[in-house]
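# Remarks on the overall topology
Letter by letter, the chains look like this.
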Amino acid sequence: MAAFAALFVQHAAAQPAAPELRYQPPPNFYRSAITPPEDYSANEFNAGLQVYPFRPFSGNVEQAFRQSLLREWIDPRYRETNLAAPPEFRQITIAGAQMALSARFAESVAGIPRQRLRMLIVSGNAAALVDASANNMATWQRALPALNAMAATLRVEAGAAPPKMAAVGPQGRAIAGLYMGTKPKYIVNLNRPAGYGSHVMALHYYLFSADGRVYRAYDEISVPGGDTGRFDFEAARRADPVNSGRYAVQGNQLHIRMGGGQEVETIATAPPHDGRVTINTVLYIRQ
């Protein structure tokens, strides 16, 4: 249990604004196409890892972590509901972080203590979380080598300045269109207690306008007459801000910024080519 926290390298000087958490994914873990968070599942046993990007905070984030484990930052799919015992906190060091703290705890799931380790990583006025879990102690021990390997690579770096999203320029006309892919969709099981659900494969769409706006949705996006200029992006933003945003091209990268406030998701990928674009490992094809 202590090994996961012990493999972090010594920290360096605090990073300036817009930090990014860098790491090598755990070996033999599969990365889900559903983001955020960056979600990994072990291929051979029931263990998982989620990485939550840096987000701004106000107040004493360490105190909040000690009081609540920042449970409200955790995706509802992985949020603990019933602790089996008080968490064990430990100061750790991560390259480039101003401060880092781990919490080792277990949650009671049908009487079985599900093993958890959560890390708070602080840089300036922003914080990130790393959350590892396994369904029991035996599985936790099997997962530790992969988690240790990932932990040894964790580091904080200064993020690149985001591109201006005000205008996309002439490239927007080449990018504009409706793109379709297939990715897992989480479905809540209403016949079971809260927290139960499953993933099913579903159609997923990105709609890009010529002037730099973007909207995404599962199952269907209705575009009047196939003309993106007639789609009401502003109405979509009001109704579904998390899945609405803007995009820009900087160099050889397509930058997408979804959401707003503390719920911002940033994506960088290669621009569409021959009507195809890959976003978070999913291939989307222009319709």
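Read on for an overview of the structure. Bear in mind the structure is a predicted one, so any value in this text is a computation, not a measurement. (Residues numbered from 1 in each chain as written. Predicted model: local features only at pLDDT ≥ 70, side-chain atom pairs only at ≥ 80, totals over all residues. Heavy atoms only, no water.)

### A few points about the overall build of the protein chain
This is how it is decided: Think of it this way: any DSSP run of H or I at least four residues long counts as a helix, any run of E at least two long counts as a strand, and we number them from the N terminus. Buried means the residue's accessible area, taken with a 1.4 Å probe over protein chains only, is under 20% of the maximum for its type, while exposed means over 50%, and partly exposed covers the values in between. The criterion used for residue contact is that any of the two residues' heavy atoms lie within 4.5 Å. Working definition of accessibility: Shrake-Rupley area with a 1.4 Å probe, residue cover restricted to the visible protein chains.
Check the secondary structure of the protein chain and you find five helices and 17 strands. Relative to its full complement of 287 residues, the protein chain shows a buried share of 45%. Once local pairs closer than 6 in sequence are excluded, the contacts in the protein chain between residues at least 24 apart make up 57%. Of the roughly 14500 Å² of accessible surface on the protein chain, a fraction of 52% belongs to carbon and sulfur atoms.

### Some words on the packing of aromatic side chains
Basically, it comes down to this: The rule is short: rings of Phe, Tyr and Trp, with Trp giving its six-membered ring, pair when the centres are within 6.5 Å, and they are stacked under 30 degrees, edge-to-face over 60, tilted in between.
Evaluation of the coordinates by the stated rule reveals eight aromatic pairs. Measuring from ring centre to ring centre gives 5.1 Å for Tyr206 and Tyr284, while their planes differ by 85°; the resulting arrangement is edge-to-face. A residue pair is termed long-range when its members are at least 10 positions apart, and Tyr206 in strand β11 (residues 197-208) and Tyr284 in strand β17 (residues 282-286) qualify at 78 residues. For the pair formed by Tyr206 and Tyr284, the shared burial category is buried. Relative to Phe233, the ring of Phe231 lies with its centre 4.9 Å away and its plane at 75°, an arrangement referred to as edge-to-face. For Phe231, a relative accessible area of 14% gives the class buried. By relative accessible area, which is 6% here, Phe233 ends up buried.

### Notes on the pattern of salt bridges
Heads up, the condition is: Salt bridge, as used here: a side-chain nitrogen of Lys or Arg that lies within 4 Å of a carboxyl oxygen of Asp or Glu.
Counted according to the given criterion, the structure contains 15 salt bridges. A salt bridge links Arg155 to Glu157, with the nearest nitrogen and oxygen atoms 2.8 Å apart. On the accessibility criterion, Arg155 (33% relative accessible area) is partly exposed. Looking at Glu157, the relative accessible area reads 30%, which means it is partly exposed. One connected set of salt bridges, linked through shared partners, spans Glu80, Glu107, Arg116, Arg118 and Asp131.

### What about the nonpolar core?
Here is the rule: In this text, buried Ala, Val, Leu, Ile, Met, Phe, Trp, Tyr and Cys residues form a nonpolar core when linked through side-chain atoms within 4.5 Å.
Core analysis: the largest hydrophobic core is formed by 30 residues, its most contacted members being Leu21, Leu49, Ile121 and Val130. Contributing elements (two or more residues each) for this core: β3 (38-42), β4 (47-56), β7 (112-123), β8 (126-134) and α3 (137-151). Top element by residues in this core is α3. It accounts for six residues.

### Regarding α3
Condition: The quantity called bend is, for any residue, the angle between two axes fitted respectively to the seven residues ending at it and the seven beginning at it. Pairs of N or O atoms are called polar contacts if they sit within 3.5 Å, as long as, within protein, a hydrogen donor faces a hydrogen acceptor (for residues adjacent in sequence, only side-chain-to-side-chain pairs).
The largest bend in α3 is about 40°, located at Ala143, with the proline Pro145 one to four residues further on. Here α3 has its buried residues at Thr139, Trp140, Ala143, Leu144, Ala146, Leu147, Asn148, Met150 and Ala151. Where α3 starts, the residue carrying a side-chain oxygen 3.2 Å from the main-chain nitrogen of Ala138 turns out to be Asn136.

### Focus on the pairing of β17
Going by this rule: The pairing criterion for strands is at least two bridges between them, as found by DSSP.
Strand direction decides the pairing type here: strand β10 (residues 177-188) and β17, joined by two bridges, are antiparallel. The partner of Met180 across the bridge, within β17, is Ile285. Pairing of strand β16 (residues 276-279) with β17 involves four bridges; the strand directions are antiparallel. Bridging across to β17, Ile279 finds its partner in Val282. What sits between the antiparallel neighbours β16 and β17 is a turn of two residues, in which Asn280 has the positive phi angle 50°.

### Quick look at the sheet that holds β7
Counted only if it meets this: Where helices are involved, their axes are fitted lines through C-alpha atoms of the stretch in contact, as for all axes, and angles between N-to-C directions lie from 0 to 180°.
Spatial ordering of the open sheet is given by β2-β3-β4-β8-β7-β6-β5, a layout of seven strands whose pairing is antiparallel. Strand pairing shows two members of the sheet lacking a second neighbour, β2 (29-31) and β5 (88-92), which therefore form its edges. Averaged over all pairs of adjacent strands, the angle between their axes in this sheet comes to 20°, without regard to strand direction. With four bridges connecting them, β3 and β4 associate as antiparallel partners. When the sheet's bridge partners are listed, Ser41 is paired in β4 with Gly48. The strands touched by α3 within the sheet are β2, β4, β6 (99-109), β7 and β8, with β8 carrying the most contacts at an inclination of about 140°.

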